Structure formats: structure tokens, C-alpha cells
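Each chain, written out:
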Amino acid sequence: MTVKEVFELRREGKIEEAYQTILPMYKVHHGKYTTLAMFWCAVDMMKLLLSRATSNDTESLHALAEAEKIYLSLQHLYPNLRDDDGVCQQTLLNLGEALKTTRLRVQ
């Protein structure tokens, strides 16, 4: 599968499939578009996980923990990303706030 096809999966709303597809691609190649795809698929996946964290039950807490891991990965990925317009940086800031809000709500 290509990076272009990963972006197509995102457009189709196949968030988990896109994320699972880009992970092995990114492990072996950190090019401009692969890195962008990894970033946006991880953003989508984190948002999905946060939406699943609705209470303090086991499933919600697991989703929150996975979202936290993705957030840390996004912070490590960001310096390798070209972000001339600051959209990715603002997205990270927004995700950080969403993570804080979700933590307060479920714990």
C-alpha cells in the first residue's frame, strides 16, 4: 500500500485501518509524506480513542492510556515534520487540551 492510499483510507473514515497500515511503513521510512501520514493517522486515532474514553470503566481507561501513548509518540514525531503553517503544532496543542479534559472526566 502507498502513502496516497493511506490518505484515502483516512478520507473514507477508516481511521483504524489507516493507522495500522501506516505504522509499519513509518518504521522503515521517515520521508516527508510518510511522516505526514503518520502524524495525521495518529491524530485521528488519538481522537477516536479519546471519544471512547467516556467513564472510568476498564475499556475507557484502556482507551485513555492508548491515547496518551499516541500523544507522546506525536510529540517525538513532531520535530521531524515540516510544519511551515503551524497547523500541526496547533493540532498538538489542541490534542493536549483534549487529553487533559478527558483525564478529568474519566478519573
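Residues numbered from 1 in each chain as written. Predicted model: local features only at pLDDT ≥ 70, side-chain atom pairs only at ≥ 80, totals over all residues. Heavy atoms only, no water.

**Notes on the overall build of the protein chain**
Along the protein chain, the regular secondary structure elements total five helices and zero strands. Helices and strands appear in the protein chain in the N-to-C order α-α-α-α-α. Counting only C-alpha atoms, the protein chain reaches 40 × 25 × 25 Å along its principal axes. Scored against the burial criterion, the 107 residues of the protein chain give a buried share of 42%. The contacts of the protein chain with a sequence gap of at least 6 include a subset with a gap of at least 24, amounting to 59%. Accessible area of the protein chain: about 6,600 Å², with a carbon and sulfur share of 53%. The protein chain carries 13 positive and 14 negative side-chain charges, and their two centres are separated by 3 Å. (Helix = DSSP H or I, 4+ residues; strand = E, 2+ residues; numbered from the N terminus. Buried < 20%, exposed > 50% of the residue type's maximum accessible area, 1.4 Å probe, protein only. Contact = heavy atoms within 4.5 Å. Areas by Shrake-Rupley, 256 points an atom, 1.4 Å probe, with all protein chains shown as cover. Lys, Arg positive; Asp, Glu negative; His and termini not counted. Charge placed at Lys NZ, Arg CZ, Asp CG, Glu CD.)

**Section: the packing of aromatic side chains**
On inspection of all chains with the given rule, the structure shows one aromatic pair. Considering the side-chain rings of Phe39 and Trp40, the 4.9 Å spacing of their centres and the 90° angle between planes classify their relative orientation as edge-to-face. Since its relative accessible area comes to 19%, Trp40 is described here as buried. (Phe/Tyr/Trp six-rings, centres within 6.5 Å; stacked < 30°, edge-to-face > 60°.)

**Remarks on the packing of helix H1 (residues 3-11) against helix H2 (residues 15-28)**
Taken N-terminus to C-terminus, the directions of H1 and H2 make an angle of 160°; their axes are 8 Å apart at the nearest point. Judged by the inter-axis angle, H1 sits roughly antiparallel to H2. For the element pair H1 and H2, the recorded crossing hand is left-handed. On H2, the residues that touch Val3, Val6, Leu9 and Arg10 of H1 are Glu17, Ala18, Thr21, Ile22 and Met25. For the contact of H1 with H2, the class distribution of residues is six nonpolar, one polar and two charged. (Axes fitted to C-alpha atoms, helices over the stretch in contact; angles between N-to-C directions. Parallel < 35°, antiparallel > 145°, perpendicular 65-115°, else oblique. Left-handed = near helix turned anticlockwise from the far one by under 90°. Nonpolar A, V, L, I, M, F, W, Y, C, P; charged D, E, K, R; others polar.)

**Observations concerning the layout of surface pockets**
To find the voids left in a structure, one rolls a probe of water-molecule size over its atoms. Of the pockets and cavities examined, the largest pocket occupies roughly 200 Å³. In terms of lining residues, the largest pocket is bounded by Tyr19, Leu23, Tyr26, Met38, Ala42, Lys69, Ile70, Ser73, Leu74, His76, Leu77 and Asn80. For the lining of the largest pocket, the elements supplying multiple residues, two or more each, are H2, helix H3 (32-52) and helix H4 (58-77). A per-element tally of the lining of the largest pocket places H4 first, with six residues. Classifying every residue of the lining of the largest pocket gives eight nonpolar, three polar and one charged. (1 Å grid on protein atoms, 1.4 Å probe; cavity = no way out; pocket = protein on both sides within 12 Å on 5 of 7 lines; lining within 4 Å. Points joined across faces, edges and corners; volume = space filled by probe spheres on them.)

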